[in-house]
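Notes for the structure review
Listed here are the chains, written in short residue letters.
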Amino acid sequence: MKPINVGLLGLGTVGGGTLTVLRRNAEEITRRAGREIRVLRAAVRNLDKAKALAGDLPLTTRPFDVVDDPDIDIVVELIGGLEPARELVMRAIANGKHVVTANKHLVAKHGNEIFAAAQARGVMVAFEAAVAGGIPIIKALREGLTANRIEWLAGIINGTSNFILTEMRDKGAAFADVLKQAQDLGYAEADPTFDIEGIDAAHKLTILSAIAFGIPMQFDRAYTEGISKLTREDVQYAEELGYRIKLLGIARRAENGIELRVHPTLIPERRLIANVDGAMNAVLVLGDAVGPTLYYGAGAGAEPTASAVVADLVDVTRLHTADPHHRVPHLAFQPDQLADTPILPMDEVRTAYYLRLSAFDRPGVLADITRILADSNISIDAMVQKEPAEGEEQVNIILLTHVTVEKNVNAAIAKIEALDTVAGKVMRIRLEELAAK
Ligand code: HSE
């Protein structure tokens with residue numbers, strides 16, 4: 001059978017990795033795909049920089065020449081960002097080409113429009129590499145778990161922030177120093193606020209939630225809170241109470257809607273996912289039939305991400321000649337079967353909490369605080385009062401609550417902060433047991 005022709009947009013870390021893997025494993029990939037997957041040309045920003053890697057592969061600096069090339073069957077978009085990536089992808093689709101992309105930002109923001117266009121044109125848009133790098137989590141959710149009603153998923157889906165949290169815990173390092181290290185190691189996004197403020201994780205969570213629940217992409221409704229306000233103290237106190245702090249992306253089916261949230265989260269240290277360290281990623285999924293399943297691996301890097309890109313290329317190659325109606329739907333559910341289940345506002349989310357506050361060590365202070373919590377219908381699970389530092393009059397008090405509604409906690413925090421005996425702000429970190437029920 002004649003080869004299927006691929007055009008690459010971008011030959012940076014992931015593009016380079018893709019070319020390397022396709023070349024190194026060419027024979028096995030052909031045996032699996034049923035025909036050769038041949039890269040015909042690549043569009044790059046800087047010809048001189050790309051030459052060594054490209055070898056005899058023709059290069060251009062004009063990406064639209066690649067998407068308009070009639071010989072190309074599949075366009076692989078690896079340039080990232082929203083524009084011109086969106087325009088290139090839409091043009092490739094209009095030209096009747098399949099698309100493989102690693103662009104989480106693009107899929108989370110414009111996925112609905114892109115999939116509708118692809119559906120109408122009878123082409124595929126594959127995006128395994130957009131979430132958790134080399135972990136085949138899209139494949140698992142969309143196909144392997146297709147018998148299940150997904151109850152919730154929780155993922156460590158940003159390697160940079162996980163690396164930072166791991167270093168803060170292991171080495172007691174300060175946030176800013178570790179961020180610099182992560183940037184030097186090349187894990188961070190072009191704009192590192194995407195990593196540390198939870199935006200990159202929210203892009204990936206948006207994509208996972210759409211596939212898990214059969215809902216449209218709703219990035220703008222995701223609650224996003226990063227790790228930049230976490231202190232070494234909180235990491236250490238959590239540890240003393242038997243928890244680890246991770247930046248989790250959580251999508252949960254609740255009674256009257258779907259929770260979609262990214263935030264630092266205390267999780268019991270005995271959970272496997274609590275022990276996912278460094279730049280690694282993991283996604284824990286609870287399905288009603290299978291129970292909990294955990295997917296672990298490298299969430300970034302040249303060849304791990306290329307592993308997902310090439311898997312998509314093989315999938316698209318195999319299905320290229322199939323009737324479009326018999327392909328796996330982009331979002332796991334048939335396009336006319338997407339649900340309009342609302343995403344819940346954060347006030348309505350139900351979870352447990354870690355609260356840290358600084359109070360004067362005087363009679364009645366604790367009574368005031370616990371009274372406020374009781375009045376807000378918040379039940380306390382554990383409480384610790386730390387020794388005051390030398391010469392200090394204030395003490396740190398840490399409270400763990402049982403599961404409650406976020407708006408009740410916010411109301412209680414406002415009242416606690418207004419007490420004369422409490423200094424400064426209350427630190428609030430959400431806590432999830434991640435139990436399989
Ligand atoms: N900046 C991302 C991360 C890269 O740290 O996980 C992979 O999407």
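Residues numbered from 1 in each chain as written. Predicted model: local features only at pLDDT ≥ 70, side-chain atom pairs only at ≥ 80, totals over all residues. Heavy atoms only, no water.

**Let's talk about the pairing of strand S15 (residues 394-401)**
The buried count for S15 comes to seven of eight residues, which makes it a mostly enclosed element. In terms of strand pairing, strand S13 (residues 350-360) meets S15 through seven bridges, oriented antiparallel. Paired with Tyr354 across the two strands is Leu400, which belongs to S15. Where strand S14 (residues 380-385) lies against S15, five bridges are found, and the strand directions are antiparallel. When the bridges of S15 are listed, Gln385 appears paired with Ile397. (Buried < 20%, exposed > 50% of the residue type's maximum accessible area, 1.4 Å probe, protein only. Helix = DSSP H or I, 4+ residues; strand = E, 2+ residues; numbered from the N terminus. Pairing = 2+ DSSP bridges.)

**Here's the deal with the site of the ligand**
Every residue close to the ligand is listed here: Lys104, Asn158, Gly159, Thr160, Tyr187, Glu189, Asp195, Asp200, Lys204, Gly299 and Ala300. Taking Lys104, its side chain carries an N or O atom lying 2.5 Å from an oxygen atom of the ligand. The residue makeup of the shell around the ligand, split by class, is two nonpolar, four polar and five charged. (Near = heavy atom within 4 Å. Polar contact = N/O pair within 3.5 Å; in protein donor to acceptor, adjacent residues only side chain to side chain. Nonpolar A, V, L, I, M, F, W, Y, C, P; charged D, E, K, R; others polar.)

**With respect to the side chain of Arg244**
Inspection of the secondary structure puts Arg244 in strand S9 (residues 243-254). Arg244 gets classed as buried once you look at its relative accessible area, which sits at 10%. Within polar-contact distance, the side chain of Arg244 engages the backbone oxygen of Ala274 at 3.4 Å. Once residues lying within four places of it in the same chain are set aside, the contact partners of Arg244 are Arg169, Glu239, Thr265, Leu266, Ile267, Glu269, Ala274 and Asn275. (Contact = heavy atoms within 4.5 Å.)

**Topic: helix H12 (residues 232-240)**
Listing the buried residues of H12 in full gives Asp234, Val235, Tyr237 and Ala238. Buried positions in H12, seen along its axis, are confined to an arc of 165 degrees and lie on one side of it. After H12 finishes, the residue Gly242 shows a positive phi value of roughly 90 degrees. (Arc of directions from axis to C-beta.)

**Notes on helix H6 (residues 104-121)**
Compared with the 26 Å implied by 1.5 Å per residue over 18 residues, the 22 Å span of H6 between its first and last C-alpha is markedly short. Roughly 85 degrees is the biggest bend found in H6, and it falls at His110. Looking at H6, one finds that the buried residues are Lys104, His105, Leu106, Val107, Ala108, Gly111, Ile114, Phe115 and Ala118. The inward-facing, buried residues of H6 contact strand S4 (74-77), helix H5 (85-94), strand S5 (98-101), strand S6 (125-126), helix H10 (193-196) and helix H11 (199-213). The opening residue of H6 is Asn103, an N-cap whose side-chain oxygen sits 3.4 Å from the backbone nitrogen of His105. Gly122 sits one or two residues past H6 and shows a positive phi near 75 degrees. (Expected span 1.5 Å × (residues − 1). Bend = angle between axes of the 7 residues up to and from the residue.)

**Examining the side chain of Glu432**
Secondary-structure assignment places Glu432 in the segment after strand S17 (422-431). Within polar-contact distance, the side chain of Glu432 engages the side chain of Arg261 at 2.8 Å.

**A short note on the packing of aromatic side chains**
On inspection of all chains with the given rule, the structure shows one aromatic pair. Note on Phe115 and Phe127: the rings are 5.3 Å apart at their centroids and 40 degrees apart in plane angle, and the pair reads as tilted. In this pair, Phe115 sits in helix H6 while Phe127 sits in the loop between S6 and helix H7 (137-144), placing the two residues 12 residues apart along the sequence. Note on Phe115: relative accessible area 7%, which makes it buried. The ring of Phe360 carries the charged tip of Arg362 above its face, separated from the ring centre by 4.5 Å. (Phe/Tyr/Trp six-rings, centres within 6.5 Å; stacked < 30°, edge-to-face > 60°. Lys NZ or Arg CZ within 6 Å of the ring centre and 35° of its normal.)

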